Structure formats: structure tokens, C-alpha cells
Amino acid sequence: MALAAVRDLREFRDPVSVEELEQFETDVLAGFVLARASEGLADGTIRAVVARCRTRV
């Protein structure tokens with residue numbers, strides 16, 4: 001296992017709007033669903049995982 005230096009990027013980014021944040025969330029969720037579907041998981045399984053993720057926020 002290797003270690004890497006990581007820096008906080010928040011200080012270099014402009015604040016995002018609500019619309020940009022919603023678009024980012026949609027893109028991440030779409031990528032997650034596509035990745036799970038490509039693994040051969042059923043729609044019901046993916047739906048259950050997404051529901052669990054949304055209740056934790």
C-alpha cells in the first residue's frame with residue numbers, strides 16, 4: 001500500500017450553485033447505477049442500494 005500527499009481543493013474552487021450541485025449529484029448517481037448494472041445486478045437491487053444511500057444523507 002502506498003501513501004500519497006493530498007491537499008484540500010475547496011480553497012481553489014468557486015462556490016457552486018444549487019443547480020450545479022444537483023447536476024453533479026445526478027451525474028454521480030447515473031455513473032453509480034450504470035456501474036452496478038454492468039455488474040449484472042437487477043434493477044431492484046440497484047434501487048434498494050440507491051434508497052439506502054439517499055436516507056443516509
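The text that follows walks through the structure, step by step, so that each part is easy to find. All residue numbers refer to position in the chain's written sequence, counted from 1. Given that this is a predicted model, residues contribute local features only at a pLDDT of at least 70 and side-chain atom pairs are listed and counted only at 80 or more, while totals for whole chains, interfaces and linings are drawn from all residues. Derived side-chain values reflect all non-hydrogen atoms in the structure, with water molecules and hydrogen atoms excluded from consideration.

**Points about the overall build of the protein**
And then number 1: The number of helices and strands found in the protein is two helices and zero strands.
And then number 2: Projecting the C-alpha coordinates of the protein onto the three principal axes gives extents of approximately 40 × 40 × 20 Å.
And then number 3: The burial tally for the protein puts 5% of its 57 residues in the buried class.
And then number 4: Here Asp and Glu are counted as negative and Lys and Arg as positive; His is not counted, and neither are the chain ends. For charged residues, the charge sits on one atom: NZ in Lys, CZ in Arg, CG in Asp, CD in Glu. The average position of the 8 basic charges and that of the 10 acidic charges among the side chains of the protein differ by 10 Å. The secondary structure listing takes helices from DSSP runs of H or I that are at least 4 residues long and strands from runs of E that are at least 2 residues long, numbered from the N terminus. The buried label applies to any residue whose accessible area, calculated with a 1.4 Å probe on protein chains only, is under 20% of its type's maximum; exposed applies above 50%, and partly exposed to all values in between.

**Examining the environment of Leu3**
And then number 1: Secondary-structure assignment places Leu3 in the segment before α1 (18-38).
And then number 2: Look at Leu3 and you get exposed, because its relative accessible area is 84%.

**Focus: α1**
And then number 1: Taking 1.5 Å of rise per residue, the 21 residues of α1 would be expected to cover 30 Å, and the 30 Å separating its terminal C-alpha atoms lies within 8% of that figure.
And then number 2: Gly40 sits one or two residues past α1 and shows a positive phi near 90°. An expected span of 1.5 Å times one less than the residue number is assigned to each helix.

**Quick notes on the environment of Ala42**
And then number 1: Its location among the elements puts Ala42 in the loop between α1 and α2 (43-56).
And then number 2: We classify Ala42 as partly exposed; its relative accessible area is 45%.
And then number 3: C-alpha separation for the pair Ala42 and Glu22, spaced 20 residues apart in sequence, amounts to 26 Å.

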